[in-house]
Amino acid sequence: MMCENRNGILIIQTGGTIDKRYPKTHLGYAFEIEEPAAQRIVSRAKVPYAVQFITACRKDSQDINQEERQKILDACKQSIHKKILITHGTDTMIETGAFLAEHQLDKTVVLTGAFLPEAFKDSDADFNVGFAIGALQVLDKQGVFIVMNGEINEWNKITRNEETFLFTNKQ
């Protein structure tokens, strides 16, 4: 759903596991990043307000570089929306959060992703996107946040555990 409503949200696709598909034509060994998984999730969830979707890039987060981060930043700056959700791969989500925070956007920006592709039956994608949309509704300050595993944290107050791959508060 497209919108020009300042009360709506913008969802920016960057790729990552959440958007991965493993087509049978590649025998399951290669992946492709297709249309935004968040678009399918929002459609299923019956979100009651306007949501706009755009794609900044379609890459595994390990392949996101400063050029793509600049595209993400530009999309945030150019948007009329004050609430922005970015779907992103988990490997470099914090780095992108740091880059966005350096530019002090006057918006609330939430990054989320998934450990399993949205297309997989037991994926965490629906939960994480839904929780991130909810977080945008209750966060009462501007800034950049990582919303994963049922937690809302400022980008610089979270770490990714390299053994469990889960995001946790810095201690």
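Residues numbered from 1 in each chain as written. Predicted model: local features only at pLDDT ≥ 70, side-chain atom pairs only at ≥ 80, totals over all residues. Heavy atoms only, no water.

Looking at the overall build of the chain
Here's step 1: Counting its secondary structure elements, the chain contains four helices and 10 strands.
Here's step 2: Mapped from its N terminus to its C terminus, the chain presents α and β elements in the order β-β-β-α-β-α-β-α-β-α-β-β-β-β.
Here's step 3: Going through the 171 residues of the chain one by one, you find that 49% of them count as buried.
Here's step 4: For the chain, the share of sequence-separated contacts (at least 6 apart) that also reach a separation of at least 24 residues comes to 65%.
Here's step 5: Of the accessible surface of the chain, which amounts to about 8,800 Å², a share of 50% is contributed by carbon and sulfur atoms.
Here's step 6: Of the side-chain charges in the chain, 20 are positive and 23 negative, and the distance between the mean point of each set is 4 Å. (Helix = DSSP H or I, 4+ residues; strand = E, 2+ residues; numbered from the N terminus. Buried < 20%, exposed > 50% of the residue type's maximum accessible area, 1.4 Å probe, protein only. Contact = heavy atoms within 4.5 Å. Areas by Shrake-Rupley, 256 points an atom, 1.4 Å probe, with all protein chains shown as cover. Lys, Arg positive; Asp, Glu negative; His and termini not counted. Charge placed at Lys NZ, Arg CZ, Asp CG, Glu CD.)

Quick look at the pattern of salt bridges
Here's step 1: For the structure shown, the criterion picks out 12 salt bridges.
Here's step 2: Of the charged contacts in the structure, one is a salt bridge between Arg 44 and Glu 118, with a shortest N-O distance of 3.1 Å. With Arg 44 in helix 1 (residues 37-45) and Glu 118 in the loop between strand 6 (108-112) and helix 4 (125-138), the pair connects residues that are 74 residues apart, well separated along the chain.
Here's step 3: With relative accessibility at 9%, the residue Glu 118 sits in the buried group. (Salt bridge = Lys/Arg side-chain N within 4 Å of Asp/Glu carboxyl O.)

Here's the deal with the pairing of strand 7 (residues 143-148)
Here's step 1: Taken across its six residues, strand 7 has five buried, putting it largely inside the fold.
Here's step 2: In terms of strand pairing, strand 6 meets strand 7 through four bridges, oriented parallel. Along strand 7, the bridge assignment pairs Leu 111 with Ile 146.
Here's step 3: Where strand 7 lies against strand 8 (residues 151-154), four bridges are found, and the strand directions are antiparallel. Counted as the bridge partner of Phe 145 is Glu 154 from strand 8. (Pairing = 2+ DSSP bridges.)

Considering the sheet that holds strand 6
Paired through their backbone hydrogen bonds, the strands of a sheet run either parallel or antiparallel.
Here's step 1: A sheet is described by the order of its strands in space; here six strands give the open sequence 4-1-5-6-7-8, paired in mixed fashion. Only two strands of the sheet have a single neighbouring strand rather than two, namely strand 4 (51-59) and strand 8. Here the average twist between neighbouring strands, direction ignored, is 20 degrees. (Axes fitted to C-alpha atoms, helices over the stretch in contact; angles between N-to-C directions.)

Quick word on unusual backbone geometry
Here's step 1: A positive phi angle is found at Lys 46, which is not glycine, with a value near 60 degrees.
Here's step 2: Here Lys 46 lies in the loop between helix 1 and strand 4.
Here's step 3: Since its relative accessible area comes to 64%, Lys 46 is described here as exposed.

Examining the nonpolar core
Here's step 1: With 22 residues, the main nonpolar core has Ile 11, Val 42, Val 51, Leu 85, Val 110, Val 129 and Ile 133 as its most contacted residues.
Here's step 2: Elements supplying a minimum of two residues to this core: strand 1 (9-15), helix 1, strand 4, helix 4 and strand 7.
Here's step 3: Looking at this core element by element, the count peaks at six residues for helix 4.
Here's step 4: Leaving out residues up to four positions away in the same chain, Val 42 has contacts with Ile 11, Val 47, Val 51, Phe 53 and Ile 133.
Here's step 5: Leu 10, Ile 72, Ile 84 and Met 93 belong to the second largest nonpolar core, which has 20 residues in total. (Core = buried A, V, L, I, M, F, W, Y, C linked by side-chain atoms within 4.5 Å.)

What about a nonpolar patch on the surface?
Here's step 1: Together, Tyr 22, Phe 31, Leu 116 and Phe 120 line one region of the surface with nonpolar side chains, adding up to about 330 Å² of accessible area.
Here's step 2: Relative to the assigned elements, Tyr 22 resides in the loop between strand 2 (20-21) and strand 3 (32-33).
Here's step 3: Here Tyr 22 falls in the partly exposed class, since its relative accessible area comes to 34%. (Patch = residues over 30% accessible without salt bridge, like charges linked within 9 Å, V, L, I, M, F, W, Y side chains within 5 Å.)

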